Amino acid sequence: MERTLILLKPDAIQKALIGEIISRFENKGFKIIGLKMIKISAELSKEHYSHLVSKPFYADLEKFITHHPVVAMVLEGNECVEVVRAMMGPTNSRKAAPGTIRGDLSLSTSRNIIHGSDSKETAENEIKRFFKPEELFEYKSCHMDYDYAPDE
Ligand code: IDP
Ligand code: MG
């Protein structure tokens, strides 16, 4: 079953939106198999945002993401990488459609509430970056009967 890494960024926590966002994923039918609050080091930020370290906004991004706690989460579910990205909306929250997490909860590009892995390959690497194997849990969820419906 496909997995993806989610980070609820410091702005989500400061705006008391953790429950709101987790509820969206639970209601959609995703299974939470890992969940913790952490502080990201500068080293981990540079690794996680390696595609952005040369950008002019990187210094601000690193300060923002390392100076405050974030909630890290692994979700499991059918095509969850793509479905979560659709639920998030695009990077610029002002361009994100109403109904998406960024579209409903932010007006910002830099403070855009949430990170979600952008491909299955990225997700595998990001999950290993943030979670030890023993921090991920297998259990039967009440959504499972629907996950494995015959039309899938
Ligand atoms: P994504 O989070 O939608 O996958 P990425 O391009 O991977 O977008 O960028 C990672 C994060 O870096 C964004 O979510 C945002 O917080 C920040 N960021 C990206 N582009 C900009 C920008 O043009 N200005 C300010 N911050 C940006
Ligand atoms: Mg990205």
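Above this text sits the structure in question.
Reference entry: report on the structure contained in this document. What you are looking at is a predicted structure, and each value in this text was computed from that prediction instead of being measured.

### Overview of the environment of lysine 140
Structurally, lysine 140 is set in the loop between α7 (120-130) and α8 (144-147). On the accessibility criterion, lysine 140 (63% relative accessible area) is exposed. Spatially, the C-alpha atom of lysine 140 lies 9.1 Å from that of lysine 31, the residues being 109 residues apart in sequence.

### Side note on the packing of helix α2 (residues 18-28) against helix α5 (residues 80-88)
Between α2 and α5, whose axes approach to 12 Å, the crossing angle comes to 135°. Comparing the axis directions of α2 and α5 gives the class oblique. As for how α2 packs across α5, the hand of that crossing is right-handed. Contacts between α2 and α5 involve Arg24, Phe25 and Lys28 from the first element and Val83, Val84 and Met87 from the second. Of the residues assigned to the contact of α2 with α5, the class counts are 4 nonpolar, no polar and 2 charged.

Procedures and definitions
Residues numbered from 1 in each chain as written. Chains lettered and ligands numbered in written order. Predicted model: local features only at pLDDT ≥ 70, side-chain atom pairs only at ≥ 80, totals over all residues. Heavy atoms only, no water. Helix = DSSP H or I, 4+ residues; strand = E, 2+ residues; numbered from the N terminus. Buried < 20%, exposed > 50% of the residue type's maximum accessible area, 1.4 Å probe, protein only. Axes fitted to C-alpha atoms, helices over the stretch in contact; angles between N-to-C directions. Parallel < 35°, antiparallel > 145°, perpendicular 65-115°, else oblique. Left-handed = near helix turned anticlockwise from the far one by under 90°. Contact = heavy atoms within 4.5 Å. Nonpolar A, V, L, I, M, F, W, Y, C, P; charged D, E, K, R; others polar.

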